[in-house]
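Residue-level structure breakdown
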Amino acid sequence: MKDLIKQSMSSDGVPDRRIGLAAGLIGGVVGIAAARQYWLYITPTLFPDTPTGEPPTRAVGKQIYEKVSGSSPDEDTVSQLAQALQLGYGLMAGGAYGGTRTSTRWRDIAGGFWYGVRLWLADEVFAPIVGLRAWPTQLPLIYHVKRLTAYHVYTFVTTAVTRVVYKLLAGELK
């Protein structure tokens, strides 16, 4: 198996997309878990009086439930749906990151940084367009900073875990 994986790696350090996808899926799950802990335990200290608003995952979860069941969900159901959607988002974003990496370098701080900025901008623009959240101009700047830091927790953890798992799967770590 290791020989097959090593054969799939080109000599110029370009990663194998299949291994990258698998590593990214694992990295995405760990990144979501880290971001969830950040939201629960760190943001209340760093951003004590910042409005939170309803996360898009809660809004989407409610909408899906109402469309499927024809009734409004209770709070526990909304919370479970939001967590499931967050996990799905983390898997999707992590898999996309892992599957599209262009290098096998160990450290790529810029990659994690710009990955976070891209996800944050997509959330800042896309969620309001589809009606899942207020427009960015309707919320204070600190709200946006708080969300950007959470995206960076997700992306830095996701990228670090993806790199380590990639090396393990490719047989480059002993």
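The sections below set out a description of the structure shown in this document.

Considering the overall build of the protein chain
The secondary structure content of the protein chain amounts to 6 helices and 0 strands. Long-range contacts, defined here as pairs at least 24 residues apart, represent 78% of the contacts in the protein chain between residues at least 6 apart. For the protein chain, the accessible surface area stands at approximately 10,000 Å², while carbon and sulfur atoms represent 66% of it.

Things to note about the pattern of salt bridges
For the structure on display, the rule yields 5 salt bridges. Between Arg-18 and Asp-16 there is a salt bridge, with the nearest N and O atoms lying 2.7 Å from each other. Of the residues examined, Asp-16 reaches a relative accessible area of 6% and is grouped as buried. Glu-124 is the partner of Arg-133 in a salt bridge, and the nearest nitrogen-oxygen pair spans 4.0 Å. The same class applies to Arg-133 and to Glu-124, which are both buried. The structure contains a network of salt bridges with shared partners spanning Asp-123, Glu-124, Arg-133 and Arg-147.

What about the side chain of Lys-146?
Within the element layout of this structure, Lys-146 appears in helix α6 (residues 141–169). No salt bridge is formed by the buried Lys-146; the nearest opposite charge belongs to Asp-49, separated by 9.6 Å.

Notes on the packing of aromatic side chains
Counted according to the given criterion, the structure contains 3 aromatic pairs. Between Tyr-97 and Tyr-115, the ring centres sit 4.9 Å apart and the planes meet at 25°, which makes this aromatic pair stacked. Of this pair, Tyr-97 sits in helix α4 (residues 75–100) while Tyr-115 sits in helix α5 (residues 109–129), placing them 18 residues apart in sequence. According to the relative accessible area criterion, Tyr-97 is buried, its value standing at 10%.

Considerations on the environment of Tyr-115
Residue classification places Tyr-115 among the buried positions, given a relative accessible area of 6%. Sequence separation of Tyr-115 and Tyr-97 is 18 residues, and the distance between their C-alpha atoms is 8.2 Å. Not counting the four nearest positions on each side in its chain, Tyr-115 is found in contact with Ala-93, Gly-94, Tyr-97, Tyr-154, Thr-155, Thr-158 and Thr-159.

A short note on the packing of helix α2 (residues 17–46) against α4
Running from N to C, α2 and α4 point in directions that differ by 140°, and their axes come no closer than 6 Å. For the element pair α2 / α4, the angle class is oblique. Considering the relative orientation of α2 and α4, their crossing is right-handed. Residue-level inspection shows Arg-17, Gly-20, Leu-21, Gly-24, Leu-25, Gly-28, Val-29, Ile-32 and Arg-36 of α2 in contact with α4, the latter providing Gln-83, Gln-86, Leu-87, Gly-90, Leu-91, Gly-94, Gly-95, Gly-98, Gly-99 and Thr-100. Taken together, the residues of the contact of α2 with α4 sort by class into 6 nonpolar, 11 polar and 2 charged.

Quick notes on the nonpolar core
Counting residues in each nonpolar core, the largest one holds 9 residues, listed as Ile-32, Ala-35, Ala-93, Tyr-97, Tyr-115, Leu-119, Trp-120, Tyr-151 and Tyr-154. Listing elements by their share of this core, those giving two or more residues are α2, α4, α5 and α6. For this core, the element with the most residues is α5, which contributes 3 residues. Counting 6 residues, the second-largest nonpolar core is a separate cluster that includes Ile-19, Ala-23, Val-161 and Val-165.

Rules behind the numbers
- Along each chain, residues carry numbers from 1 onward, in the same order as the chain's sequence is written.
- Predicted model: local features are reported for residues with pLDDT of at least 70 only, side-chain atom pairs are reported and counted for 80 or more only, and whole-chain, interface and lining totals are derived from all residues.
- Neither water nor hydrogens contribute to the side-chain values; these are computed over all heavy atoms in the structure.
- Helix numbers and strand numbers start at the N terminus; a helix is a DSSP run of H or I with at least 4 residues, a strand a run of E with at least 2.
- Note on contacts: a residue pair is in contact if any heavy atoms of the two residues lie within 4.5 Å.
- What sets the accessible areas is the Shrake-Rupley method with a 1.4 Å probe; for residues, cover comes only from the shown protein chains.
- When a carboxyl oxygen of Asp or Glu lies within 4 Å of a side-chain nitrogen of Lys or Arg, that pair is called a salt bridge.
- Accessibility here uses a 1.4 Å probe with only protein chains present; expressed as a share of the type maximum, an area under 20% marks a residue as buried, one over 50% as exposed, and anything in between as partly exposed.
- In summary, the charge assignment counts Lys and Arg as positive and Asp and Glu as negative, without counting His or the chain termini.
- Stacked, edge-to-face and tilted are the three classes for Phe, Tyr and Trp ring pairs, Trp counted by its six-membered ring, which pair at centre distances within 6.5 Å; planes under 30 degrees apart are stacked, over 60 edge-to-face, the rest tilted.
- Orientation is described by axes fitted as lines to C-alpha atoms, over the contacting stretch for helices, and by angles from 0 to 180 degrees between their N-to-C directions.
- Roughly parallel here means an angle under 35 degrees, roughly antiparallel means over 145, roughly perpendicular means 65 to 115, and every remaining angle is called oblique.
- With the far helix as reference, a near helix turned anticlockwise by less than a right angle produces a left-handed crossing, and one turned clockwise produces a right-handed crossing.
- Classification used: nonpolar for Ala, Val, Leu, Ile, Met, Phe, Trp, Tyr, Cys and Pro, charged for Asp, Glu, Lys and Arg, polar for all others including Gly.
- Think of a nonpolar core as a cluster: buried Ala, Val, Leu, Ile, Met, Phe, Trp, Tyr and Cys residues, connected wherever their side-chain atoms sit within 4.5 Å.

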